[in-house]
Amino acid sequence: MLVLLLLSWGAALPAMAEDGYDLWLRYRPLPAPVLKQYRDLGGQVVAPAQTGPQRATRDELVRGLAGLLGREPGQAARVQRNGAIVVGTPASVPQLSALQGDLEGLGEEGYLIRSTRLDGRAATVVAANSDIGALYGTFHLLRLLQAGEPLAGLDLREAPKVKVRVLNHWDNLDRYVERGYAGESIWDWHKLPDWLDPRYTDYARANASIGINGTVLNNVNTSAQALTPMYLEKAAALASVFRPYGIKVSLSPRFSAPIEIGGLPTADPLDPAVRRWWKDKADEIYRTIPDFGGFLVKANSEGQPGPQDYGRSHADGANMLAEALAPHGGIVMWRAFVYSHEEPDDRAKQAYTEFAPHDGAFADNVLVQVKNGAIDFQPREPFHPLFGAMPKTPLMMEFQITKEYLGFATHLVYLGPMYEEVLRADTHARGPGSTVAKIVDGSLEGHALTGMAGVANIGVDRNWSGSHFDQANWYVFGRMAWDPHASAETIARDWARMTFSTDPAVVEPVVAMMMGSHQAVVDYMTPMGLHHLMGRGHHYGPGPWVEGGPRADWTSVYYHRADARGIGFDRSATGSNAVAQYAPPVAEQFGSIDTVPEEFLLWFHHVPWDHRMPSGRSLWDELVVRYGRGVDYVRGMRRTWAGLEGKVDPERHHQVSVFLGVQEKEAQWWRDASIAYFQTFSQRPLPAGEAPPPHDVEYYKSLQFPFAPGDGK
Ligand code: GCV
């Protein structure tokens, strides 16, 4: 049955404090000139409300239209122009059956949005093959309205290019969030399954609005408790909130769970009793959560148990879990972030060494989840050499949204350009044009099962992400998971319009700030391919001097290798030869000091301090200049933002201003500490005009931050 909603809204919305809670779904009244073009819009809304997703769709539409248009629909009810909005599927809205043919090729999650005529009347139609497609289309329509886009002549077709678009929460069951800078976990496990915090619904709305269709609730450094009946009930309660929004719940199982909660003497993946245990566990999970997504597994990495404990391979471990999930349609996301206990080799090489030989050995419902780079979410890394090296295995991208190595929540760093850089990188796996995006979306090797994961930056902070601008990183992740070929700048513009204002005098400076902010953090932290120089453990602030401790590859000196001659990690044929893990044209380019891109110079080469750079400066001088350039960029952002006072609401303007102040202070600290330290090796003066660090290196080394947030525990 159709529900014809003749909406009746209250008068203008009360003024609301802008605390960031509403994210990019603010739906504040549009400015009058923009509103004019939507004069008739929403006079009639046809949106069925029989199923959960249909109700979610209708509620969002009502909420969005009421907020944006801020008026009684009756006053606009001439239902001319694009007055009617019709949302649904041919099955749910009979008028849409004429569009059946046009919906072909859009799949289960795609949609079309069209200005058309229905029953002789002008209408804006959102049509899809499924309720979830209609929900996604509705969010898209609302995005157009939020940006003040004209609806006349609209004819849009959209379908996701990636199948599994999933957040990874590194949230412990005690609500501690590993690498979390936005407060404790939003999952209030203790009060679940009874208390369903309204925040869970808003979380689902936000995710659905950007096409995210899965969430892994618990940390990959996991506890077997997450698989006990008590916690499965809690996860099921969350799943029931997320279901109408097309979001499936997944969990991170502990590989040794058969021992810890199953009472078995072993977790050997080839042991029949262990296999039985996982099958039974999978059956139990699906009895509790019928649309459960699957397992995300960190095994034999950083102390987590795994198949290698029993002399078995990653494929053995993954396939055992895959076999248990397969009858229910579940998947395994098996992480490639591994490095061996023995440190036999350059850490950058180890994931490839352990995984590439197993290409073709993984079951059909296994995705291997690969971080964007071979070390660990550094401010900039060359693309991971596994991309292009496992053609028979679907490789899932893992990006980090939370800014573990990029200034936590206070630094304004928009990650869109970084994601875009990696996705557009050319692996040359099947000749030129074999981009990482084409591997992730499955088009290069013809994989239907595809995925992208983002390590969430979400917590209980009122603004969800710890800072207003970090919301943009959640947003861009979702949009790029939907379309890995999308433009970071276009997405930044959409976000800025929805989040702050449609006024170009706000949007354009904000987008410009965002677009340069990633290069800036690279400059003031780890220029030209330097990496892993952060404070030990917590990764807060500079720590290029970090050495000693349990593992060489957990120190900074292992990575920068500065000495009297120069700086950088030789990964060319004369060094660790990690370059050989790339396809020959890439290996050749990265392998020569003359052709390697400047941004990766010190990632792949140990370079003399006096090496002449393209700028004409020596390497040492260039390094110093880059550090300063990064700090200057932050100063520039502060000026730009100060110029937006009065154009952005005071609450958010103030917090961003304060955070930019913190960022400038910390960027300066990074620059000063790094220069003071590396100068002890280069023994060269600073280039003319560059201020010397105000302290000696001992001072910077003496700074301790025992309670810096987010450290693993
Ligand atoms: C969840 C890095 C982080 C760890 C994280 C690990 C991983 O090493 O510092 O906190 O653990 O990556 O991705 O598994």
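Cut-offs and rules
Residues numbered from 1 in each chain as written. Predicted model: local features only at pLDDT ≥ 70, side-chain atom pairs only at ≥ 80, totals over all residues. Heavy atoms only, no water. Helix = DSSP H or I, 4+ residues; strand = E, 2+ residues; numbered from the N terminus. Rg over C-alpha atoms; globule rule 2.2 N^0.38 Å. Buried < 20%, exposed > 50% of the residue type's maximum accessible area, 1.4 Å probe, protein only. Contact = heavy atoms within 4.5 Å. Areas by Shrake-Rupley, 256 points an atom, 1.4 Å probe, with all protein chains shown as cover. Core = buried A, V, L, I, M, F, W, Y, C linked by side-chain atoms within 4.5 Å. Expected span 1.5 Å × (residues − 1). Near = heavy atom within 4 Å. Polar contact = N/O pair within 3.5 Å; in protein donor to acceptor, adjacent residues only side chain to side chain. Salt bridge = Lys/Arg side-chain N within 4 Å of Asp/Glu carboxyl O. Pairing = 2+ DSSP bridges. Arc of directions from axis to C-beta. Phe/Tyr/Trp six-rings, centres within 6.5 Å; stacked < 30°, edge-to-face > 60°. Axes fitted to C-alpha atoms, helices over the stretch in contact; angles between N-to-C directions. Parallel < 35°, antiparallel > 145°, perpendicular 65-115°, else oblique. Nonpolar A, V, L, I, M, F, W, Y, C, P; charged D, E, K, R; others polar. pLDDT = per-residue confidence, 0-100.

### Some thoughts on the overall build of the protein
Within the protein one finds 20 helices and 16 strands. Computed over the C-alpha atoms, the radius of gyration of the protein is 26 Å, within 12% of the 27 Å expected from 2.2 N^0.38 for a compact globule of 713 residues. Relative to its full complement of 713 residues, the protein shows a buried share of 63%. Long-range contacts, defined here as pairs at least 24 residues apart, represent 73% of the contacts in the protein between residues at least 6 apart. Surface exposure of the protein reaches about 24,900 Å², of which carbon and sulfur atoms provide 53%.

### Some details on the nonpolar core
Phe242 and Trp474 are the most contacted members of the largest nonpolar core, which has 220 residues in total. Considering every element that reaches this core, the biggest residue donor is helix 19 (residues 650-682), with ten residues. Membership of the second largest hydrophobic core comes to 13 residues, among which are Leu96, Leu106, Val125 and Ala127.

### A closer look at helix 19
In this model, helix 19 (33 residues) spans 47 Å end to end at C-alpha, consistent with the 48 Å of a helix rising 1.5 Å per residue. Count one or two residues on from helix 19 and you reach Gln683, which has phi positive near 55°.

### Examining the site of the ligand
The environment of the ligand is made up of 15 residues, and the closest members are Glu178, Lys298, Arg335, Lys371 and Glu404. Here an oxygen atom of the ligand and a side-chain polar atom of Arg335 are 2.7 Å apart. In isolation the ligand offers 340 Å² of accessible surface; the protein chains occlude 96% of this area.

### Describing the pattern of salt bridges
Two side chains with opposite charge may pair up if their charged atoms get near one another. Tallying each qualifying case throughout the model produces 53 salt bridges. With a shortest N-O distance of 2.8 Å, Arg571 and Asp346 are connected by a salt bridge. Of this pair, Arg571 sits in the loop between strand 15 (566-567) and helix 16 (584-591) while Asp346 sits in the loop between strand 11 (331-335) and helix 9 (347-355); the two residues are 225 residues apart in sequence, bridging distant segments of the chain. Neither Arg571 nor Asp346 differs from the other in exposure class; each is buried. Overlapping salt bridges, with partners in common, bring together Glu18, Asp22, Arg26, Arg28, Asp649 and Arg652 in one network.

### Focus: the pairing of strand 3 (residues 84-88)
Burial analysis of strand 3 places five of its five residues in the buried class, the great majority of the element. Alignment of strand 3 against strand 5 (residues 121-128), held across five bridges, turns out to be parallel. Bridging from a neighbouring strand, Val86 pairs with Val125 of strand 5.

### Structural notes on unusual backbone geometry
The step from Leu192 to Pro193 runs through a cis peptide bond, and the omega angle for that step is 5°. Note on placement: Pro193 falls in the loop between strand 7 (164-168) and helix 4 (198-209). Unusually for a residue other than glycine, Asn300 sits at a positive phi of about 50°. Tracing the chain through its elements places Asn300 in the loop between strand 10 (294-297) and helix 8 (314-325). You will see that His428, though not glycine, has its phi angle at about 60°, which is positive.

### Let's talk about helix 16
For an α-helix, 3.6 residues make a turn, and residues three or four places apart therefore share a direction. Within helix 16, the full set of buried residues consists of Val586, Ala587 and Phe590. Around the axis of helix 16, the buried residues are gathered within 100° of arc, so they sit on the same side. Turned more than 90 degrees off the buried face of helix 16, the exposed positions are Pro584 and Glu588. Contacts from the buried residues of helix 16 go to helix 17 (601-604).

### A word on the packing of aromatic side chains
By convention here, two paired aromatic rings are described through the distance between centres and the angle between planes. Overall, the coordinates contain 43 aromatic pairs when judged by the stated rule. On the basis of an interplanar angle of 55° and a centroid distance of 5.9 Å, the ring pair of Trp187 and Phe242 is categorised as tilted. Residue Trp187 is found in the loop between strand 7 and helix 4, and its partner Phe242 is found in helix 5 (residues 229-242); the two are separated by 55 residues along the sequence. Here the two residues Trp187 and Phe242 agree in accessibility, since each one is buried. With a centroid separation of 6.3 Å and an interplanar angle of 10°, the aromatic rings of Phe355 and Phe362 are classed as stacked. Overall, the relative accessible area of 0% leaves Phe355 in the buried class. Given a relative accessible area of 10%, Phe362 falls into the buried group. Put simply, the rings of Tyr21, Trp24, Trp187, Tyr200, Tyr203, Phe242, Trp464, Trp474 and Tyr475 pair up and form one aromatic cluster.

### Comments concerning the pairing of strand 12 (residues 366-371)
The side chains of a regular strand alternate between both faces of the sheet. Burial of strand 12 is extensive: six of the six residues sit out of reach of the surface. Neither face of strand 12 is left uncovered, since the one carrying Val366, Val368 and Val370 and the one carrying Leu367, Gln369 and Lys371 both have all their residues buried. Pairing of strand 11 with strand 12, which is carried by four bridges, proceeds in the parallel orientation. Each bridged residue has a counterpart across the sheet, and for Arg335 the counterpart in strand 12 is Gln369. Here strand 12 runs beside strand 13 (residues 395-400); their pairing, made up of four bridges, is parallel. Across the sheet, the residue bridging to Val368 is Leu395, located in strand 13.

### A few points about the packing of helix 14 (residues 504-525) against helix 19
Two quantities define a packed helix pair, namely the angle between the axes and the distance from one axis to the other. Look at helix 14 against helix 19: their axes get within 9 Å of each other, and the N-to-C directions meet at 30°. The angle between helix 14 and helix 19 falls in the class roughly parallel. Residues Met513, Tyr524 and Met525 of helix 14 lie in contact with helix 19, whose contacting residues are Leu660, Gln663, Ala667, Trp670 and Arg671. Split into classes, the residues belonging to the contact of helix 14 with helix 19 amount to six nonpolar, one polar and one charged.

### Considering the confidence of the model for the protein
When pLDDT is averaged across the protein, the result is 95; 96% of the residues are at 70 or more. Under a pLDDT of 50 for its full length, residues 1-14 has, in the predicted model, 38 contacts with residues more than four places off or in other chains. Across residues 74-79, where pLDDT falls below 50, the model places eleven contacts with residues more than four positions away in sequence or in other chains.

### Overview of the environment of Asn218
Position of Asn218 relative to the elements: it lies in the loop between strand 8 (214-216) and helix 5. The exposure class of Asn218 is buried, given its relative accessible area of 3%. Once the C-alpha coordinates of Asn218 and Trp187 are considered, the two residues, 31 residues apart in sequence, prove to be 9.3 Å apart. With sequence-adjacent residues up to four places away left out, Asn218 is seen in contact with His169, Asp171, Ala226, Leu251 and Ser252. Among the polar contacts listed, one links the side chain of Asn218 to the side chain of Thr222, at a separation of 3.1 Å.

### Description of the sheet that holds strand 7
Strand order in the open sheet formed by eight strands is 9-8-7-14-13-12-11-10, with parallel pairing between adjacent strands. Of all strands in the sheet, those bounded by a partner on one side alone are strand 9 (248-250) and strand 10. Direction aside, the axes of adjacent strands within the sheet are offset by 25° on average. With three bridges connecting them, strand 8 and strand 9 associate as parallel partners. Bridging across to strand 9, Gly214 finds its partner in Lys248.

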